[in-house]
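Close look at the chain arrangement
Spelled out from the first residue to the last, the chains are:
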Number of protein chains: 2
Amino acid sequence: MSAKTSPLAPASFPDMPPIAGVRLATGMTGLRYKGRDDLLWAEFVPGTVVAGCFTTTATRAAPVRWCETALAGGRARALVVNAGNANAFTGPTGARSVAAEVDAAAAVLDCAREEVFVASTGVIGVPMDPRPIADLLPQLSGRAGCDNAAWQAAARSIMTTDTFPKGSVATATVDGRTVTVAGFAKGSGMIAPNMATMLGFVFTDAAIGATLAQRLLARAVDRSFNAITVDGDTSTNDCVMMFATGAAGNRVLAEEDADGAAFAAALEAVLSDLARQVVRDGEGATKFVTLTITGAENDAAARRIGLTVANSPLVKTAIAGSDANWGRIVAALGRSGERVAEDRLRIHIGGVLVAENGAVHPDYDEKVHVADYMKGEEIEIAVDVGIGEGVATVWTCDLTHGYIEINADYRS
Amino acid sequence: MSAKTSPLAPASFPDMPPIAGVRLATGMTGLRYKGRDDLLWAEFVPGTVVAGCFTTTATRAAPVRWCETALAGGRARALVVNAGNANAFTGPTGARSVAAEVDAAAAVLDCAREEVFVASTGVIGVPMDPRPIADLLPQLSGRAGCDNAAWQAAARSIMTTDTFPKGSVATATVDGRTVTVAGFAKGSGMIAPNMATMLGFVFTDAAIGATLAQRLLARAVDRSFNAITVDGDTSTNDCVMMFATGAAGNRVLAEEDADGAAFAAALEAVLSDLARQVVRDGEGATKFVTLTITGAENDAAARRIGLTVANSPLVKTAIAGSDANWGRIVAALGRSGERVAEDRLRIHIGGVLVAENGAVHPDYDEKVHVADYMKGEEIEIAVDVGIGEGVATVWTCDLTHGYIEINADYRS
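The residue numbering used here restarts from 1 in each chain and proceeds along that chain's sequence as written. Each chain is given a letter, starting from A, and each ligand a number, starting from 1, according to the order in which they appear as written. Confidence filtering applies because this is a predicted model: local features only for residues at pLDDT of at least 70, side-chain atom pairs given and counted only at 80 or more, and all residues used for totals across whole chains, interfaces and linings. The basis for every side-chain value is the complete set of heavy atoms in the structure, and neither hydrogens nor water enter the calculation.

This part covers the pattern of salt bridges. A side-chain nitrogen of Lys or Arg and a carboxyl oxygen of Asp or Glu constitute a salt bridge if their distance falls within 4 Å. Taken as a whole, this structure holds 34 salt bridges over all chains when the rule is applied. Taking the shortest distance from any N to any O, the salt bridge between Lys375 of chain A and Asp372 of chain A comes out at 3.6 Å. Between Arg60 of chain B and Glu68 of chain B there is a salt bridge, with its nearest N and O atoms 3.1 Å apart. Of the residues examined, Glu68 of chain B reaches a relative accessible area of 31% and is grouped as partly exposed. Summary of the burial criterion: residues with accessible area below 20% of their type's maximum are buried, those above 50% are exposed, and those between are partly exposed, where the area comes from a 1.4 Å probe applied to protein chains only.

In structure tokens:
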């Protein structure tokens, strides 16, 4: 664990209200970490709807493979998450460990195995002993709750190299009632689109059908967790899951009408906030970078261009050095594989027009216009690539000595 | 310029023989660097055949655009290369600078403008004054030569963040005669497949047709410069050019018969050596990594898998830390987009079987088997992905504090 909290961390963990039908508890397995909770238990009222998005990597971890299968049922009663061992690249042993966790949780709640979801994060390739996890579940269920302390403990229990717990909450008015969406996430390195070593869990009291839940979650993930990058490294264990208890008693959301849109907006607000907190906790990060691409062939092209720039080690090190090195931005843009009109490129840094029409702006003076700005912690870069109407925003951080320190030593 | 030579540098610059029909000279423009040669002039006998491979980026520099056009003629009399200013993203000014260089060179040799090739490397986005370059050309032509000192001065004159000059030479027997292939290259950061901030120039006395020259050069580049990566950042200015004077007097090579194959082997040997020297000079590199992928769907898939692993910041930082963190290799493999059979994956590090069949090998003991090996400067990693017969070798280096130091400060 890092000793020092990221300089980009929010001032405090948010106030998180209870979600009716959700109970949380954390415990200490001792599997890897000592003296801290490393196990999360969440249980849900019967009938809770589940949706999930998972890493696209070909080397998916055993818990991910289980969840992808269980998701077909569309219902959840329990979630078990451990930190310290990813249970990835563990062969048949890994699947057996997952089965043991699932059996234990199903026994506690007397529910179907397919209603139990599991996630793991930590070191890859080390067989995971499921017994310390299974043994803890009955007592965790006995003392589970949903006050603010429970939320914060939950967010902390799943951390690995994270330096602060990440939570977010939003509400929406649906069918005349207020519904709440609350969630937490972990992630700090191996962060890239198509998830990351990134776990995110959101909980809502809204009543929503499984099909719509999946569609809205996938879209919100696309605009949040799939629009961030720390180091371009996708993980074996990424997942974002949503659990909807229906306890708010609204008419079940089943389509994208006004109520569906209101709920979707709250969901996206929570996921986007969590995703940006993950970037703020990027390993070694000292600057938070918002990169807006406009003028691309379409939105997907804009995002690919943005992520190419955001993943460029040369762009990221320039930002670390408070250097407004827009030449490196131009170089990165060019290799995205997407169409770019060099003679119509426009680049703004911190709102200052730096380059247009394929060359530096004649009035631009780096020392006068952006040198002080680049020393700040929040950097905004906007690029218009002069082709079409595609737009995307991606978020990233700088690449510093801190990243090297963390990753040349930390085994996980 | 870096003060310290890379620890991975070869012991010395090779002995390079003269190539009949080639004359080289270097000079000092003072455009950016002080107290060192930063301009290369090469002139060739009439009838010299030229071939070239250029960066695929959408933001290609002005000199690259010129060369792509001039290449259609297939003949070269002169090459002009400057270091310190890339003449990239310089708009119409950039094209005018190139035209002035070309005019000056054509006047010196009284040749066609299309027989003059130019290349630039250095800072992006700063307009380049061509006068100091043009003014030097007559005197450089007057004192050009091709002894070993001239080769070494040429290789030095094009360096930017390079810490050592890179040269290589090979011979082949063609039509009963010995022909020589000699070349030099620069490159250290912004190195990625599809070239890099990488300039490579090879010279031969072989007589070869323009069509075959282009085909053989493209193939050799594919197996050398397109199989290396330092940081995944492709540049605006990459190029590899070959100049064949025909002075050896062999029957003109026009097809891939035994003579053609002998020449191709020499060419590939030189380019492969130069490409690996570029990796050895990777910014901040302390370890040279050879990554061999077997069992992929095809050779192209194998190379994409290899480059995904080679570009992973987590793999590169683990190697920097002498950490045999094969879990990160598994994670990187999975996100290459190519087919991978996780349950048949085999990973060797330094010849030791670390993992197979989707899990760590039961007899593997990191401390006993690879801990000492990982502390060395030459790291070999072999991965079989269990799908087919595709094979590729890629070369990379580790990611260290040195890379951050160079790139968070150096503006270029």
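What follows concerns the interface of chain B and chain A. Working rule for contacts: check all heavy atoms of both residues, and any pair within 4.5 Å makes them a contact. Counting residues at the interface gives 51 residues for chain B, matched by 51 residues for chain A. Here chain B packs against chain A, burying approximately 4,500 Å² in sum over the two surfaces, 58% of which is carbon and sulfur. Linking chain B with chain A are two salt bridges. Ionic pairing is found between Glu342 of chain A and Arg65 of chain B, a salt bridge with its closest N-O pair at 2.9 Å. The term polar contact refers here to a pair of N or O atoms within 3.5 Å; inside protein, the definition further demands a hydrogen-donor-capable atom paired with an acceptor-capable atom, and it admits residues adjacent in sequence only when both atoms are side-chain atoms. The tally of links from chain B across to chain A stands at 13 residue pairs in polar contact (both at pLDDT 80 or more). Helix and strand assignments follow DSSP, with helices taken as H or I runs no shorter than four residues and strands as E runs no shorter than two, numbered in order from the N terminus. Going through the elements one at a time, helix H8 (313–320), helix H9 (326–334), strand S14 (359–360) and helix H12 (401–409) of chain B are the ones with two or more residues in the side of chain B that touches chain A. Summed over both partners, the accessible area (1.4 Å probe) lost when two parts come together is defined as the buried area.

What follows is about the sheet that holds strand S6 (residues 166–174) of chain A. All names here are of chain A. Reading across from one edge, S3-S10-S8-S7-S6 is the order of the five strands in this open sheet, with mixed pairing throughout. Only two strands of the sheet have a single partner each, and these edge strands are strand S3 (49–54) and S6. Sheet twist, expressed as the average angle between the axes of neighbouring strands with direction ignored, equals 15 degrees. Should DSSP find at least two bridges between two strands, the strands are taken to pair. Bridge count for strand S7 (residues 177–186) against strand S8 (residues 199–204) is six bridges, and the pairing is antiparallel. As a rule, the C-alpha atoms of each element are fitted with a line to give its axis, helices using only the stretch in contact, and angles between N-to-C directions run from 0 to 180 degrees.

All names here are of chain A. Throughout the structure description, domain borders are defined by an automatic or database domain assignment. Segmentation of chain A into domains returns domain 1 (22–280) and domain 2 (288–409). Spacing between the C-alpha centres of domain 1 and domain 2 amounts to 33 Å. Summed over both partners, the interface of domain 1 with domain 2 comes to about 1,200 Å²; 58% of that surface belongs to carbon and sulfur atoms. Three residues stand out in domain 1 for area buried against domain 2, namely Ala227, Thr229 and Arg280, and they jointly supply 36% of the buried area on that side. Here domain 1 is connected to domain 2 by two salt bridges. At the boundary of domain 1 and domain 2, one finds three residue pairs in polar contact (both at pLDDT 80 or more). Those elements that place two or more of their residues in the side of domain 1 that touches domain 2 are helix H5 (210–223), strand S9 (228–229) and helix H6 (258–280). The element that contributes the greatest number of residues to the side of domain 1 that touches domain 2 is H6, accounting for four residues. Under the grouping applied here, Gly and all other residues not named as nonpolar or charged are polar, the nonpolar ones being Ala, Val, Leu, Ile, Met, Phe, Trp, Tyr, Cys and Pro and the charged ones Asp, Glu, Lys and Arg. Per-class residue counts for the side of domain 1 that touches domain 2 are five nonpolar, five polar and five charged.

Here we take up the packing of helix H1 (residues 62–70) of chain A against helix H2 (residues 91–109) of chain A. Residues and elements named next belong to chain A. Running from N to C, H1 and H2 cross one another at 55 degrees; their axes reach a closest spacing of 8 Å. The pairing of H1 with H2 is recorded here as oblique in orientation. Between H1 and H2 lies a crossing whose hand is right-handed. Only Gly94, Ala95, Val98 and Val102 of H2 make contact with H1, whose side of the interface consists of Ala62, Pro63 and Trp66. Looking at the contact of H1 with H2 residue by residue, the class counts come to six nonpolar, one polar and no charged. The labels follow the angle: roughly parallel below 35 degrees, roughly antiparallel above 145, roughly perpendicular from 65 to 115, and oblique for the rest. Should the near helix be turned anticlockwise from the far one by less than a right angle, the crossing is termed left-handed; should it be turned clockwise, right-handed.

This brings us to the pairing of S6 of chain A. All names here are of chain A. By the bridge criterion, nine bridges tie S6 to S7 in an arrangement that is antiparallel. Paired with Gly167 across the strands is Phe184, a residue of S7. From the end of S6 to the start of S7, which pair antiparallel, there are two residues, and Asp175 there has a positive phi angle of about 55 degrees.

Before going further, it helps to examine the relation of the copies chain B and chain A. Rotating chain B by 180 degrees and translating it 0.0 Å along the rotation axis places it on chain A, where the RMSD comes to 0.0 Å. Look at the turn and shift together and you get a two-fold axis relating the two. Of the C-alpha atoms belonging to chain B, the one lying closest to the rotation axis is found on His401 of chain B, 2.9 Å away. Residues reaching a pLDDT of at least 70 in both copies supply the C-alpha atoms on which the copies are superposed by least squares.

The next point concerns the packing of helix H8 (residues 313–320) of chain A against helix H9 (residues 326–334) of chain A. Residue and element names in this part refer to chain A. Remark: H8 packs on H9, axes separated minimally by 9 Å, with the N-to-C direction vectors making an angle of 160 degrees. As judged from the angle between their axes, H8 and H9 are roughly antiparallel. Between H8 and H9 lies a crossing whose hand is left-handed. Every residue of H9 that contacts H8 at Leu314, Val315, Thr317 and Ala318 is listed here: Arg328, Ile329 and Ala332. Residue composition of the contact of H8 with H9, grouped by class: five nonpolar, one polar and one charged.

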